[in-house]
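Listed below are the residues making up each chain.
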Amino acid sequence: MRIGLTGGIASGKSLVATYLEKQGIPVVDADKLARQVVEPGEPALAQIVATFGEHVLQDDGTLDRKQLGAIIFGDEQKRKQLNEIVHPAVRQSMKKQADLYEQRGYTRVVLDIPLLYESNLFHMVNQVWLVYVDEATQLRRLIERDGLTETEAKQRIAAQMPLTAKKAQADVLIDNNGTKENTYRQVYDALAKTAHE
Ligand SMILES: Nc1ncnc2c1ncn2[C@@H]1O[C@H](COP(=O)(O)OP(=O)(O)OP(=O)(O)O)[C@@H](O)[C@H]1O
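Residues numbered from 1 in each chain as written. Predicted model: local features only at pLDDT ≥ 70, side-chain atom pairs only at ≥ 80, totals over all residues. Heavy atoms only, no water.

Taken together, 14 residues sit near the ligand, with K13, S14, R145, N176 and G178 positioned nearest. Take G8: an N or O atom from its main chain is 3.4 Å from an oxygen atom of the ligand. Within the side chain of K13, an N or O atom sits 2.7 Å from an oxygen atom of the ligand. Notes on the ligand: free accessible area 630 Å², of which the protein chains cover 75%. A molecule is said to occupy a pocket when more than half its atoms come within 2 Å of that pocket's grid points, and by this definition the ligand occupies the second largest pocket. Elements supplying a minimum of two residues to the shell around the ligand: α1 (13-22) and α6 (135-146). In terms of residue count, α1 provides more of the shell around the ligand than any other element does, three residues in total. Residue composition of the shell around the ligand, grouped by class: three nonpolar, seven polar and four charged. (Near = heavy atom within 4 Å. Polar contact = N/O pair within 3.5 Å; in protein donor to acceptor, adjacent residues only side chain to side chain. Areas by Shrake-Rupley, 256 points an atom, 1.4 Å probe, with all protein chains shown as cover. 1 Å grid on protein atoms, 1.4 Å probe; cavity = no way out; pocket = protein on both sides within 12 Å on 5 of 7 lines; lining within 4 Å. Sits in = over half its atoms within 2 Å of the grid points. Helix = DSSP H or I, 4+ residues; strand = E, 2+ residues; numbered from the N terminus. Nonpolar A, V, L, I, M, F, W, Y, C, P; charged D, E, K, R; others polar.)

Only one face of strand β5 (residues 172-175) is covered, namely the one carrying V172 and I174; the face carrying L173 and D175 has none of its residues buried. As paired elements, strand β4 (residues 127-132) and β5 share four bridges and run parallel to each other. Along β5, the bridge assignment pairs W129 with V172. (Buried < 20%, exposed > 50% of the residue type's maximum accessible area, 1.4 Å probe, protein only. Pairing = 2+ DSSP bridges.)

Okay, the sheet that holds β4 next. Strand order in this open sheet of five strands is β2-β3-β1-β4-β5, and the pairing throughout is parallel. Since the sheet does not close on itself, it has two edges, and those belong to β2 (27-29) and β5, each with one partner. Within the sheet, the average angular offset between the axes of one strand and its neighbour, ignoring direction, is 25°. Pairing between strand β1 (residues 2-6) and strand β3 (residues 109-112): four bridges, direction parallel. Across the sheet, R2 pairs through a bridge with V109, a residue of β3. Of the strands in this sheet, β1, β2 and β3 are in contact with helix α5 (residues 76-103), which crosses β3 at around 165°. (Axes fitted to C-alpha atoms, helices over the stretch in contact; angles between N-to-C directions. Contact = heavy atoms within 4.5 Å.)

Moving on: the pairing of β3. Regular strands place side chains that alternate from one sheet face to the opposite one. A two-sided burial pattern is seen for β3, the buried positions comprising V109 and L111 on one face and V110 and D112 on the other. Two strands pair when backbone bridges link them, and β2 and β3 are joined in this way by three bridges, in the parallel orientation. Residue V28 lies in a different strand from β3, and its bridge partner there is L111.

Let us look at the nonpolar core. For soluble globular proteins, nonpolar side chains are generally found buried alongside one another. The biggest cluster of nonpolar side chains holds 37 residues, and the ones touching the most others in it are I48, F52, V56, M94 and L111. Elements supplying a minimum of two residues to this core: α2 (30-36), α3 (43-52), α4 (65-72), α5, β3 and β4. For this core, the leading source of residues is α5, giving eight residues. Of the domains in this structure, domain 1 (1-26 + 109-197) and domain 2 (32-105) are the two that each give at least three residues to this core. Ignoring any residue separated from it by four or fewer positions in sequence, one finds V56 in contact with I48, V49, T62, L63, D64, Q67, L68 and I71. Counting residues in each nonpolar core, the second largest holds 19 residues, with V16, V172, I174 and A190 among its members. (Core = buried A, V, L, I, M, F, W, Y, C linked by side-chain atoms within 4.5 Å. Domains from an automatic or database assignment.)

Attention now goes to the pattern of salt bridges. Applying the stated criterion across every chain, the model contains 10 salt bridges. For D99, the salt bridge is made with K95, and the minimal N-O distance between the two is 3.1 Å. Taken together, the positions of D99 and K95, both in helix α5 and four residues apart, correspond to about one turn of that helix. In this structure D99 comes out as partly exposed when scored by relative accessible area, which is 25%. Taken together, the shared-partner salt bridges connect R2, K95, D99 and E102 into one network. (Salt bridge = Lys/Arg side-chain N within 4 Å of Asp/Glu carboxyl O.)

Summarising the element assignment, H55 is placed in the loop between α3 and α4. The class for H55 is partly exposed, based on a relative accessible area of 46%. Along the backbone, H55 and L68 are 13 residues apart, and their C-alpha atoms lie at a distance of 8.7 Å. Apart from residues lying up to four places away in sequence, H55 is in contact with Q67 and I71. For H55, the side chain forms a polar contact with the main-chain oxygen of F52, separated by 3.5 Å.

Right, dumping it as structure tokens:
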């Protein structure tokens, strides 16, 4: 069974993912794979260079993220082109890792996908677990973690699909407004329910 773990910025996905790993559940991290698929030697990097030019590479052959960011900033068409290269590579890589874990005998694999809703990746998982917090808590934790001003933090939250809108399509809601222990308990209980599925 594949569980899609998602939420919003600073909602507590990493907290939950770390706990799941401690419980012996393998977690496939979409953000980590998104960095791996553009490493030197990877086909996605070659496609990026073919599309945007050699100047998106640094001298050591790695992707110059700043340069690429500047190219796609404010250019919807270019952003789309980049996503059309990177997204399929990430999906393929997530699937491959999940397959591997299953071949090794794991019956439950978690796919940590921050943009599961935005990228419409419901087809990749059997269940969606949503880590949610109310906006005041999200704002406070984001400011504390990243050292942002209130305005900056509000902008980042506003740039995403609201967490409340994500609730309707979730199979399991993990309320992370309380203590970490409280959240761990909910995850433990949700895991217990999947043990025989
Ligand atoms: N229940 C909690 N009580 C107190 N602090 C918490 C709790 N849950 C998370 N935090 C803190 O809030 C911050 C955000 O949590 P976390 O990094 O797990 O979120 P995330 O969803 O993975 O964020 P992002 O997607 O932005 O990386 C962290 O500093 C974390 O330590």
